[in-house]
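# Results of the structural survey
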There are 2 protein chains.
Amino acid sequence: MSSRQQSLGLARLVDSVGGEDGTPRYRRVRDALTTLIETGEMRGGDMLPSSRVLADGLGLSRNTVNRAYRELVAEGFVEAIDRVGYVVNSGLGSSSGDVVDWVADPALPPLDWKGRLDGLQVDSEDVTKPADWRSYPYPFVVGPGPESFPTGAWTRAMRTALRKEHRGPSLHNLVDRDDPLLVEHIRKTILPPRGIAADRSEILVTLGSQHGIHLIAEALLGPGSRVGVEEPGYPDARDTFVRQGAQTVPIPVDDQGINVPGRMRGLDMLFVTPGRQFPTNVTMSIGRRRRILSEAARNGVVIVEDDYESEYCYSHQPPPALKALDSTTGVVYVGSFSKFLAPGLRLGFVVSDARLIDCLRRLRHNMLRHPPGIIQRTTALMIEAGDYGRVVRRHRRVLKSKWRTLTDSLSELFPWAVRPTDGGMSVWVEGPPELNAADLAVRARSRGVVIERGDPCFLSDPRPTNFFQLGFAAIEFDAIRPGIERLATLINEEASR
Amino acid sequence: MSSRQQSLGLARLVDSVGGEDGTPRYRRVRDALTTLIETGEMRGGDMLPSSRVLADGLGLSRNTVNRAYRELVAEGFVEAIDRVGYVVNSGLGSSSGDVVDWVADPALPPLDWKGRLDGLQVDSEDVTKPADWRSYPYPFVVGPGPESFPTGAWTRAMRTALRKEHRGPSLHNLVDRDDPLLVEHIRKTILPPRGIAADRSEILVTLGSQHGIHLIAEALLGPGSRVGVEEPGYPDARDTFVRQGAQTVPIPVDDQGINVPGRMRGLDMLFVTPGRQFPTNVTMSIGRRRRILSEAARNGVVIVEDDYESEYCYSHQPPPALKALDSTTGVVYVGSFSKFLAPGLRLGFVVSDARLIDCLRRLRHNMLRHPPGIIQRTTALMIEAGDYGRVVRRHRRVLKSKWRTLTDSLSELFPWAVRPTDGGMSVWVEGPPELNAADLAVRARSRGVVIERGDPCFLSDPRPTNFFQLGFAAIEFDAIRPGIERLATLINEEASR
């Protein structure tokens, strides 16, 4: 290892260490040095001043400088060489211009990424809310707010999850398995209220419900497959089916849910959200459920039931899941913890015939092994502690009062009749046929109101433009009525022009 | 809502509530009731006794019973009906035999899952360690032990991650984005010691390195693609390439790493582990690195560099990553936090040209949105607090002493010469050609020693049977020497037969 004289004056080095700003002193020394290395002002082989010299120059203790140096060594920026001292690592590549052998060869032709990637088509959902929606005073966006997260219960459960007896499932490579405790609580606590009885072998934990839908599509669909989807419906599921080469067939939704009877022939799969139809929030009637099950069985159609939110019914108990009513094993049930906990935690599950679950498990293993053990075990311990019921109850109370305020405000202030819903976290609004909801959404934002345009939920061409969603979970309770007032004023102004 | 007389005697109900066992009382009441509902002893429409009557029967307070009832209502097992009382939810499906309309129709034909799934082939890795390896006294398994997890630092960072200013990135749906703080720390702290300078747009966070490899394969490979892989090499990566329809081409590994020069023509991709070749632990020489980069660029081959573990070098600094030496954008770098934190946390990253990262991001969005925000933010805060350097340093110290003990024990006690390695967490052992390491592994287990057979790492047919891995990270320090003694004794006994 060759080392040359320090090329940087001590004064420059001292200058580059920032003043007191709350950061620990040794960190400031470390950060200054990595910045100098990163910018090339210090290069591979450069010697650092001795800790005594630098400590004197900075007016800091030697301990502080030594701690920074030790960290730099641990991180690989610097080498400690016996009888020489601390030297910038010559192995830092691009910044080590003096080590000729290691410099990149600029004569090599660059890779043609554009050509490589041209054939690859990945659809993504249309964006219907601005990224900075939290900065608006009246954000009627779809989806839960982070304020509802049960921080105390989560933190307690997480601490327990790291105790000796839980460390294995929390931290080990589980290969292709799931946390057995979470599977048990899904089986015993989450599924029974939905009417579903399932064996351990019939449950797979996923990174949220989108992951479940993706795995199911990957296992069961291919070019030539035909999937019936709700119209309007969930755009991301459609994208997933199309990405597997399948054709999607739009089937209209009415007051009882997807109106599929008589339209099942020739389908391989039917994707439905019977508990709370997305985006209309209609709950599928029990009669429609039985009819769909029977036609699906007779036509050999796999039903994918996305029960992304079944906890929040405000006026009556929800009917049992399709999965609960099914005797044919033909229903694949997709559940989510996004609404119980938080969407950013990415946790959901699939319940299905054990043979399909086994396939999905192998696909998942090859894709990413398993959902993080620590999130699985922490969630399981929260459920075990009784927090599932407590949290759902609390959310339901808060959401119900928001829902009532929104519903009342709409019927009192809104120029258009809005069909009431009895659950969920949003309202689906149909404006007059000439409405362009995308334009309305832009103008509403200029008055501080965020609404979500509905056209991406449609598959038909041209898409209807006169629908939008009003979410009421993320917005503050006190902002709901004034927000609807502002939106109504805007609509009335435009109508009178 | 019809409700009929309670069909279950109070005495039976009282019986079914278990005695004191440390579980909170209201939980025991709740659990007894859900079990009765689940087993069909209580059915939809059955009335529960009033809380006063049940409390008297159980000798518990009314508050306790009321709490259990409230939880059952929140969970949907039970409905609270005004002026009537608590009634088992008729919507519980299969157990509500009295609600004829809702019962599954047994006449429907079952779905033919076998037929559906027959075409689907998903390879999984051969299992090389017993699931219960932790119960053996001398587990020389490959991979880190959970004991190394920095629980205190993690818990502190997690608490911070749930504070107001961090809740958004921790808990929100990030759509297709990553936690910007983690990306920043990957850029500023993790990559520079490896010689890599990267822009934000060139980094994608993944669910561990397997997820990165899967996304890259999905984006860049298809039927007809040819991928060069190390022989011996990482079986899971091979499986991923084959699953995309690609053909894998084995390329031998020598003392300097994969011996690819002259063998690059006709390949679309080359998968390599230059920092620590899996499973041999060879570090690729700098000359070989430059040669491979140059031949790959001239042949238009994408290099996937799996740098799954570069922190643990014991005798010298590692050379810079291939990615650091590359001027052609043709290297796709895959990193992992499994060794810094724990494999069960599933966190890794990909560094590449921004156009590829954008594609991978869209694939990931469709697959599962994003890795859990709370794990991303907690890890970022740990790195920010300086724990990355501290933890890596501590691990390196522990691992180095284990490595030295293993190396010394092997050279002192072992009948076969083992080529020394200077880093990593395992040793690759070549026995005499006639050795069947799979058989040896079975016999070693009967003496309490777990080793991992090496044949799944080979692609050639027939696979060599005389290699195995000795991992030294998960085993206790004090067990290393006696474990090697036992293994050596077994080998010597067998040789003298």
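All figures in this text were calculated on a predicted structure; none of them were measured in a lab.

What follows covers the overall build of chain A. Counting its secondary structure elements, chain A contains 17 helices and 15 strands. In terms of overall dimensions, chain A has a C-alpha envelope of 85 × 60 × 55 Å along the principal axes. Across the 497 residues in chain A, those meeting the buried criterion constitute 61%. A separation threshold of at least 6 residues defines the contact pool for chain A, and within that pool the share at least 24 residues apart is 74%. Per element, the accessible surface of chain A, about 18,600 Å² overall, is 49% carbon and sulfur. Across chain A, the mean location of the 63 positive side-chain charges is 6 Å away from that of the 62 negative side-chain charges.

This next bit is on the packing of aromatic side chains. This structure, assessed with the given rule, holds 30 aromatic pairs over all chains. When the centroid spacing of 4.7 Å and the interplanar angle of 65 degrees are considered together, the rings of Y69 of chain B and Y86 of chain B count as edge-to-face. With a gap of 17 residues between them, Y69 of chain B in helix α4 (residues 62–75) and Y86 of chain B in strand β2 (residues 85–88) connect regions that are remote in the sequence. One aromatic cluster is present, built from ring pairs that chain together Y333, F337, F340, F349 and Y388 of chain A. Positioned over the ring face of Y26 of chain A is R67 of chain A, at 3.8 Å from the centre of the ring.

Right, let's talk about the confidence of the model for chain A for a bit. All names here are of chain A. When pLDDT is averaged along chain A, the result is 88; 93% of the residues meet or exceed 70. Across residues 1–7, confidence stays below pLDDT 50; counting only partners more than four residues off in sequence or on other chains, it has 18 contacts. The complex model carries a pTM of 0.84, and its ipTM stands at 0.83.

The subject of this paragraph is the interface of chain A and chain B. With 125 residues of chain A at the interface, the matching set in chain B holds 124 residues. Regarding the contact of chain A and chain B, the summed buried area is about 10,700 Å², with carbon and sulfur atoms giving 57% of it. Scanning the region where chain A abuts chain B turns up four salt bridges. For R369 of chain A, the salt bridge is made with D236 of chain B, and the minimal N-O distance between the two is 2.5 Å. At the junction of chain A and chain B, the tally comes to 32 residue pairs in polar contact (both at pLDDT 80 or more). A total of nine residues in the side of chain A that touches chain B trace back to one element, the largest contributor, which is helix α13 (residues 354–368) of chain A. A class-by-class count of the residues in the side of chain A that touches chain B yields 57 nonpolar, 32 polar and 36 charged.

Here the focus is the relation of the copies chain A and chain B. Look at the two chain copies: a rotation about an axis and a shift along it is all it takes to match them. Between the two copies, chain A and chain B, the superposition gives an RMSD of 0.1 Å; the rotation angle is 180 degrees and the shift along the axis is 0.0 Å. Expressed as an axis order, the relation between the two copies is that of a two-fold axis.

This paragraph deals with a positive patch on the surface. A contiguous patch of positive charge on the surface is contributed by R156, R159 and R163 of chain A together with R156, R159 and R163 of chain B. For the positive patch, the secondary structure elements donating two or more residues are α6 (151–161) of chain A together with α6 (151–161) of chain B. Looking at the element boundaries, R163 of chain A is found in the loop between α6 and α7 (164–171). For R163 of chain A, a relative accessible area of 46% puts it in the partly exposed group.

Before going further, it helps to spend a moment on the pattern of salt bridges. The full count for this structure, using the stated rule, is 48 salt bridges over all chains. Salt-bridge contacts for R447 of chain A lead to E493 of chain A; the nearest nitrogen and oxygen are separated by 2.6 Å. Within this pair, whereas R447 of chain A is found in the loop between α16 (437–445) and β13 (449–450), its partner E493 of chain A is found in helix α17 (residues 477–495), the two being separated by 46 residues in sequence. On the basis of relative accessibility, which here comes to 29%, the residue R447 of chain A falls in the partly exposed class. The partly exposed category is assigned to E493 of chain A, whose relative accessible area is 30%. In this structure, E184 of chain B and R187 of chain B form a salt bridge, with 3.3 Å as the shortest nitrogen-oxygen distance. With E184 of chain B and R187 of chain B both in helix α8 (residues 180–190), this residue pair falls three residues apart, about one helical turn. In the salt-bridge network here, residues are joined through shared partners; they are R27, R30 and D31 of chain A.

In a beta sheet, neighbouring strands pair by backbone hydrogen bonds and run either parallel or antiparallel. Residues and elements named next belong to chain B. Within the open sheet, the eight strands sit side by side as β4-β11-β10-β9-β8-β5-β6-β7. Their pairing is mixed. What marks the edges here is a single partner per strand, and that holds for β4 (203–206) and β7 (257–258). Taken together, the three bridges between strand β5 (residues 226–231) and strand β8 (residues 269–272) define a ladder with parallel strand orientation. For V227, the partnering residue across the bridge sits in β8 and is M269. Here helix α9 (residues 209–220) sits on the sheet in contact with β4, β8, β9 (302–307), β10 (331–336) and β11 (348–351), set at roughly 155 degrees to β10.

Reading guide: rules and limits
- Residues numbered from 1 in each chain as written.
- Chains lettered and ligands numbered in written order.
- Predicted model: local features only at pLDDT ≥ 70, side-chain atom pairs only at ≥ 80, totals over all residues.
- Heavy atoms only, no water.
- Helix = DSSP H or I, 4+ residues; strand = E, 2+ residues; numbered from the N terminus.
- Buried < 20%, exposed > 50% of the residue type's maximum accessible area, 1.4 Å probe, protein only.
- Contact = heavy atoms within 4.5 Å.
- Areas by Shrake-Rupley, 256 points an atom, 1.4 Å probe, with all protein chains shown as cover.
- Lys, Arg positive; Asp, Glu negative; His and termini not counted.
- Charge placed at Lys NZ, Arg CZ, Asp CG, Glu CD.
- Phe/Tyr/Trp six-rings, centres within 6.5 Å; stacked < 30°, edge-to-face > 60°.
- Lys NZ or Arg CZ within 6 Å of the ring centre and 35° of its normal.
- pLDDT = per-residue confidence, 0-100.
- Buried area = accessible area lost by both parts, 1.4 Å probe.
- Salt bridge = Lys/Arg side-chain N within 4 Å of Asp/Glu carboxyl O.
- Polar contact = N/O pair within 3.5 Å; in protein donor to acceptor, adjacent residues only side chain to side chain.
- Nonpolar A, V, L, I, M, F, W, Y, C, P; charged D, E, K, R; others polar.
- Least-squares fit on C-alpha atoms with pLDDT ≥ 70 in both.
- Patch = residues over 30% accessible without salt bridge, like charges linked within 9 Å, V, L, I, M, F, W, Y side chains within 5 Å.
- Pairing = 2+ DSSP bridges.
- Axes fitted to C-alpha atoms, helices over the stretch in contact; angles between N-to-C directions.

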